[in-house]
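Architecture and fold: a report
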Amino acid sequence: RAVVAGLNAPPSQYQLHLQYLLPPLLPRQLQLYRVGNHFTKDRFLPLDWVLAALDALAAKGVAFDEDLDGAELIARVQAVEGLEGVDYEASWRRCYDGVAASQTALGRYAPDLFAYAVRDEDMRVLDLASGAAATGVDANELANADKGALGGYDRDGAVYYSFPRAAPLPLLSEL
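Below you will find a few notes about this structure. (Residues numbered from 1 in each chain as written. Predicted model: local features only at pLDDT ≥ 70, side-chain atom pairs only at ≥ 80, totals over all residues. Heavy atoms only, no water.)

1. Describing helix H4 (residues 88-106)
Look at H4: 26 Å from first C-alpha to last across 19 residues, which is about the 27 Å you get at 1.5 Å a residue. Listing the buried residues of H4 in full gives Tyr88, Ser91, Trp92, Cys95, Tyr96, Gly98, Val99, Ser102, Gln103, Ala105 and Leu106. In this structure Asp87 caps H4, since a side-chain oxygen of it lies 3.2 Å from the backbone nitrogen of Glu89. (Helix = DSSP H or I, 4+ residues; strand = E, 2+ residues; numbered from the N terminus. Expected span 1.5 Å × (residues − 1). Buried < 20%, exposed > 50% of the residue type's maximum accessible area, 1.4 Å probe, protein only. Polar contact = N/O pair within 3.5 Å; in protein donor to acceptor, adjacent residues only side chain to side chain.)

2. Section: the sheet that holds strand E3 (residues 44-46)
Ordered by their spatial adjacency, three strands build an open sheet running E2-E1-E3, and the pairing between neighbours is antiparallel. Sheet topology places strand E2 (19-21) and E3 at the edges, where each strand pairs with a single neighbour. This sheet shows a mean twist of 35° between the axes of neighbouring strands, independent of strand direction. In this sheet, E2 lies alongside strand E1 (residues 4-8) in antiparallel orientation, the contact comprising three bridges. Following the sheet pairing, Gly6 is matched in E2 by Gln19. (Pairing = 2+ DSSP bridges. Axes fitted to C-alpha atoms, helices over the stretch in contact; angles between N-to-C directions.)

3. Topic: the pattern of salt bridges
For the structure shown, the criterion picks out five salt bridges. Arg93 is paired through a salt bridge with Asp97; the nearest N and O atoms lie 2.9 Å apart. Note that Arg93 and Asp97 are positioned in helix H4 at a spacing of four residues, about one turn of the helix. Looking at Arg93, the relative accessible area reads 35%, which means it is partly exposed. The salt bridge involving Arg119 is made with Asp122; its shortest N-O contact spans 2.4 Å. (Salt bridge = Lys/Arg side-chain N within 4 Å of Asp/Glu carboxyl O.)

4. Re the environment of Val77
The topology assignment puts Val77 in helix H3 (residues 70-79). Residue classification places Val77 among the buried positions, given a relative accessible area of 3%. Sequence separation between Val77 and Phe64 is 13 residues; the distance between their C-alpha atoms is 9.3 Å.

5. A word on H3
Structural remark: α-helix, 3.6 residues per turn; residues separated by three or four positions point the same way. Taken as a whole, H3 has its buried residues at Gly70, Ile74 and Val77. Looking down the long axis of H3, one finds its buried residues gathered within 65° of arc, a one-sided arrangement. Buried residues along H3 sit against E3, helix H2 (47-60) and H4. Taking the backbone nitrogen of Ala71 as reference, a side-chain oxygen 3.1 Å away marks Asp69 as the first, capping residue of H3. (Arc of directions from axis to C-beta. Contact = heavy atoms within 4.5 Å.)

Below is the structure:
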């Protein structure tokens, strides 16, 4: 499953919106994913789970009328007797593991474009040439620079990933 689709609960950016991403992820996104801060369990609600839950709840005439965070919503849905095919854990695991599989299949970074790396465990910036800590270099500024280095723009100004893997690529249905 190459596409990552779902919602955050509570919503980020102060509004409910559907996130729909096709890897490869940018380095900063990948780093957040690797340390567990992207598509976070009990906060990120995969679209297939949301749709299955809504269908099953509607069929039983069940609705929730209060503000719930992701963990509370998942618990409330799981507490409804007789819901078939609504398994948050399985849905989230498929989605989360699918990110890694898609990243491996589709991602390719040109190492010569990078002078620094950010360690996953502590966000420490390292100079790739020396391996030493890079003083005065901010991880967030590097993330913004990566967007420009790895993306390209089409004539309408849309950003796209400009370093795809060499052909042949797997079919998205095979991921």
